[in-house]
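# Summary of the model geometry
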Amino acid sequence: MKIFSGNIIDIRARRIFPGDITVIDGKIFSIQENNNEYHTWILPGFIDAHIHIESSMLTPLEFARIALKHGTIATVSDPHEIANVCGMDGIKFMIENARNAKMKIHFGAPSCVPATSFENSGASIHVDEIRELMQSEDIYYLSEMMNYPGVLNNDPYVFAKIEAAKSQGKPIDGHAPGLGGTDAVKYISAGISTDHECFTFDEALFKLEHGMKVIIREGSAAKNFEALHPLIPDYKDNLMFCSDDKHPDDLLHGHINILVQRALALGYDLFDVLQMACINPVEHYNLSVGTLRLGDPADFIIVSSAETLNVVTTIIDGVSVFDGNHVHLPQYRSGYINNFNIQDTSHIDIRVINKKIKSHQIIHAIDGALVTEKFSWKPNQSGEYLQTEVSHDVLKICVINRYYPSQAAVSWIHGFGLKKGAIASTVAHDSHNIIAVGVEDKDILKSIASLINSKGGLVCVDGEEIIELPLPIAGLMTDKNAEEIGLMYEEMTQWTKTKGCNLYSPFMTLSFMALLVIPKIKLSDLGLFDAETFSFYKQD
């Protein structure tokens with residue numbers, strides 16, 4: 001038996017009172033109010049309602065080791081990224097690794113692997129495998145249905161996956177950025193219950209008014225809190241918080257706790273905000289997480305202030321996993337899993353013949369967003385091959401299939417700002433092929449060769465200067481700790497700044513330049529893609 005005392009924040013009853021929580025065998029046995037004076041507050045822990053843990057570049061265990069410090073006790077996690085690389089084996093890897101993490105990580109079944117037919121990925125998850133996953137106690141929901149055209153066009157293959165979730169009574173997550181009007185209504189009526197992709201107030205409001213729950217996202221690249229927080233007072237029952245993709249340097253500074261603190265600083269009601277952060281995800285996804293009720297698992301956090309919510313202790317199943325100084329998790333090292341099948345750069349040609357086209361439609365990267373804009377580039381060059389134009393911030397971008405040797409896809413990008421060098425990564429949503437951007441071909445090719453040699457990771461190159469961050473697990477993750485990886489990642493980010501890049505998170509932005517299901521223009525390993533018409537460009 002354990003007793004925890006403090007000012008208890010009862011979110012459902014919307015009251016705070018001094019009291020004792022008695023825990024027996026990891027569950028809450030009693031909650032007794034008293035008249036004592038306390039200087040700490042007890043409340044349910046925070047929940048990330050949609051995250052790809054792989055995007056932290058950490059294993060579930062190492063992700064938990066840092067997130068527990070910030071009061072995150074649970075996640076709703078989509079293993080979509082590793083599934084695109086390693087299929088069912090990747091999902092099983094995540095589930096097994098998470099068993100050591102103490103944090104309550106609830107996985108979904110990736111609904112769209114591969115995400116589209118317009119790129120080459122490492123694996124496929126078919127309907128029969130979705131049915132198998134949905135019957136598993138380790139799977140809590142069908143994760144983001146990115147193929148909204150398939151829903152709108154009544155694709156039987158898409159609906160077979162949706163029915164697999166419905167048959168098990170498990171919720172279906174959405175992914176439909178910018179979708180509105182009758183199309184959004186049809187998408188929602190198919191049984192899709194959430195969307196974390198809303199990036200305008202009006203879009204989110206429309207979806208809420210038509211029965212969808214909106215997850216307010218604030219990640220390392222996509223930041224929608226400022227646009228969506230005015231919804232809180234009227235729609236608190238149908239809102240949640242998420243990070244979606246959170247890089248390790250940002251995780252060092254905070255997680256869902258930052259969104260809670262920002263909302264409180266804007267004057268929103270404490271109980272409304274905590275309902276979104278601590279209660280709504282549990283009820284929507286039927287999570288195995290306690291919320292400070294009798295008989296619940298003893299999952300809660302202790303904070304030093306009801307205003308700042310600075311975490312001093314994190315309790316899961318009645319056990320302190322963070323005591324204010326140390327996180328108490330095992331030093332577990334998983335085996336590696338990967339899918340990387342090219343050996344060198346001998347088959348890669350990234351030169352672009354100058355066909356004297358007057359205007360090229362190219363990618364314009366937007367800082368802090370997954371969406372891109374179309375940019376008209378009018379090169380005035382006479383050479384045999386087109387070159388980058390640093391003075392106009394036009395760089396070369398390449399995507400190379402890492403699963404088997406094939407021709408490189410090459411295009412141009414505006415908005416990165418690099419004046420020298422190149423960066424490259426195998427974190428490239430959704431298929432996680434090699435993606436590189438740079439000024440000169442020699443540096444771009446050198447960065448690609450570095451990733452081939454390491455079988456995945458991140459790299460910066462400027463002549464003989466090379467900085468590498470290997471990611472040996474699927475080319476997406478490492479089992480090193482967040483502090484070490486966060487510092488390395490921060491160093492690489494700062495390196496890009498010295499070369500002229502002004503993006504907040506250049507590697508994160510780069511990773512989304514191959515994400516075809518987000519408008520407006522992206523690059524896959526098969527070519528430049530119009531994400532609005534779902535078709536390839538015919539021009540160079």
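Residues numbered from 1 in each chain as written. Predicted model: local features only at pLDDT ≥ 70, side-chain atom pairs only at ≥ 80, totals over all residues. Heavy atoms only, no water.

### Here's the deal with the overall build of the protein chain
Along its length, the protein chain carries 16 helices and 26 strands. Here the C-alpha radius of gyration of the protein chain, 23 Å, is about what a compact globule of 540 residues would show, namely 24 Å. By its C-alpha atoms, the protein chain is 85 × 50 × 45 Å across when sized along the principal axes. In the protein chain, which comprises 540 residues, the share counted as buried stands at 63%. Nonlocal contacts in the protein chain, meaning residues at least 24 apart in sequence, comprise 69% of its contacts between residues at least 6 apart. When the accessible surface of the protein chain is summed, it comes to about 19400 Å², and 49% of that surface belongs to carbon and sulfur atoms. Counting 44 positive and 68 negative side-chain charges, the protein chain places the centres of these two groups 3 Å from one another. (Helix = DSSP H or I, 4+ residues; strand = E, 2+ residues; numbered from the N terminus. Rg over C-alpha atoms; globule rule 2.2 N^0.38 Å. Buried < 20%, exposed > 50% of the residue type's maximum accessible area, 1.4 Å probe, protein only. Contact = heavy atoms within 4.5 Å. Areas by Shrake-Rupley, 256 points an atom, 1.4 Å probe, with all protein chains shown as cover. Lys, Arg positive; Asp, Glu negative; His and termini not counted. Charge placed at Lys NZ, Arg CZ, Asp CG, Glu CD.)

### Overview of the state of the cysteines
In this structure the tally under the stated criterion is zero disulfides. Lacking any disulfide linkage, Cys198 is separated from the closest cysteine sulfur, that of Cys242, by 10 Å. Here Cys198 falls in the buried class, since its relative accessible area comes to 1%. Just so you know, Cys501 is unpaired, no disulfide at all, and the nearest cysteine sulfur is the one on Cys460, 10 Å from it. Given a relative accessible area of 4%, Cys501 falls into the buried group. (Disulfide = S-S within 2.5 Å.)

### With respect to the packing of helix H4 (residues 127–134) against helix H6 (residues 156–167)
In contact at an axis separation of 9 Å, H4 and H6 are set at 10 degrees when each is read in the N-to-C sense. One element, H4, and the other, H6, form an angle in the roughly parallel class. Contacts from Val127, Ile130, Arg131 and Met134 of H4 reach H6 at Tyr157, Ala160, Lys161, Ala164 and Ala165. (Axes fitted to C-alpha atoms, helices over the stretch in contact; angles between N-to-C directions. Parallel < 35°, antiparallel > 145°, perpendicular 65-115°, else oblique.)

### A look at the environment of Ser334
Inspection of the secondary structure assignment puts Ser334 in the loop between strand E15 (319–322) and strand E16 (360–365). The exposure class assigned to Ser334 is buried, which follows from its relative accessible area of 9%. Taking C-alpha positions, Ser334 is 7.3 Å from Asp479, a pair spaced 145 residues apart along the chain. Apart from residues no more than four positions distant in its own chain, Ser334 is found in contact with Thr59, Phe93, Asn97, Ile473 and Asp479.

### Section: the sheet that holds strand E9 (residues 172–174)
Taking strand neighbours across the sheet as the criterion, the eight strands line up as E5-E6-E7-E8-E9-E10-E11-E12 in an open arrangement whose pairing is parallel. Of all strands in the sheet, those bounded by a partner on one side alone are strand E5 (46–51) and strand E12 (239–242). In the sheet, E5 pairs with strand E6 (residues 72–77) via four bridges, with the strands oriented parallel. Paired with Ile47 across the strands is Ala74, a residue of E6. Docked against the sheet, helix H8 (residues 201–209) engages strand E10 (194–195), strand E11 (213–217) and E12, running at close to 150 degrees with respect to E11. (Pairing = 2+ DSSP bridges.)

### Details of the sheet that holds strand E4 (residues 41–43)
Within the open sheet, the seven strands sit side by side as E3-E2-E1-E4-E13-E14-E15. Their pairing is mixed. Both edges of this open sheet fall to strand E3 (27–33) and E15, since each of them pairs with a single strand only. Neighbouring strand axes in the sheet, compared pairwise and without regard to direction, differ in orientation by 40 degrees on average. Of the strand pairs in this sheet, E4 and strand E13 (residues 300–303) are connected by three bridges, and their pairing is antiparallel. For Ile42, the partnering residue across the bridge sits in E13 and is Ile302.

### Some points on the packing of helix H12 (residues 256–265) against helix H13 (residues 270–285)
One can describe the packing of H12 onto H13 by two numbers: an axis separation of 10 Å at closest approach and a directional angle of 160 degrees. In terms of their interaxial angle, H12 and H13 are classed as roughly antiparallel. The two elements H12 and H13 cross, and the hand of that crossing is right-handed. Between H12, through Ile256, Val260, Ala263 and Leu264, and H13, the contact on the second element is made entirely by Leu270, Val273, Leu274 and Ala277. A per-class count over the contact of H12 with H13 returns eight nonpolar, no polar and no charged. (Left-handed = near helix turned anticlockwise from the far one by under 90°. Nonpolar A, V, L, I, M, F, W, Y, C, P; charged D, E, K, R; others polar.)

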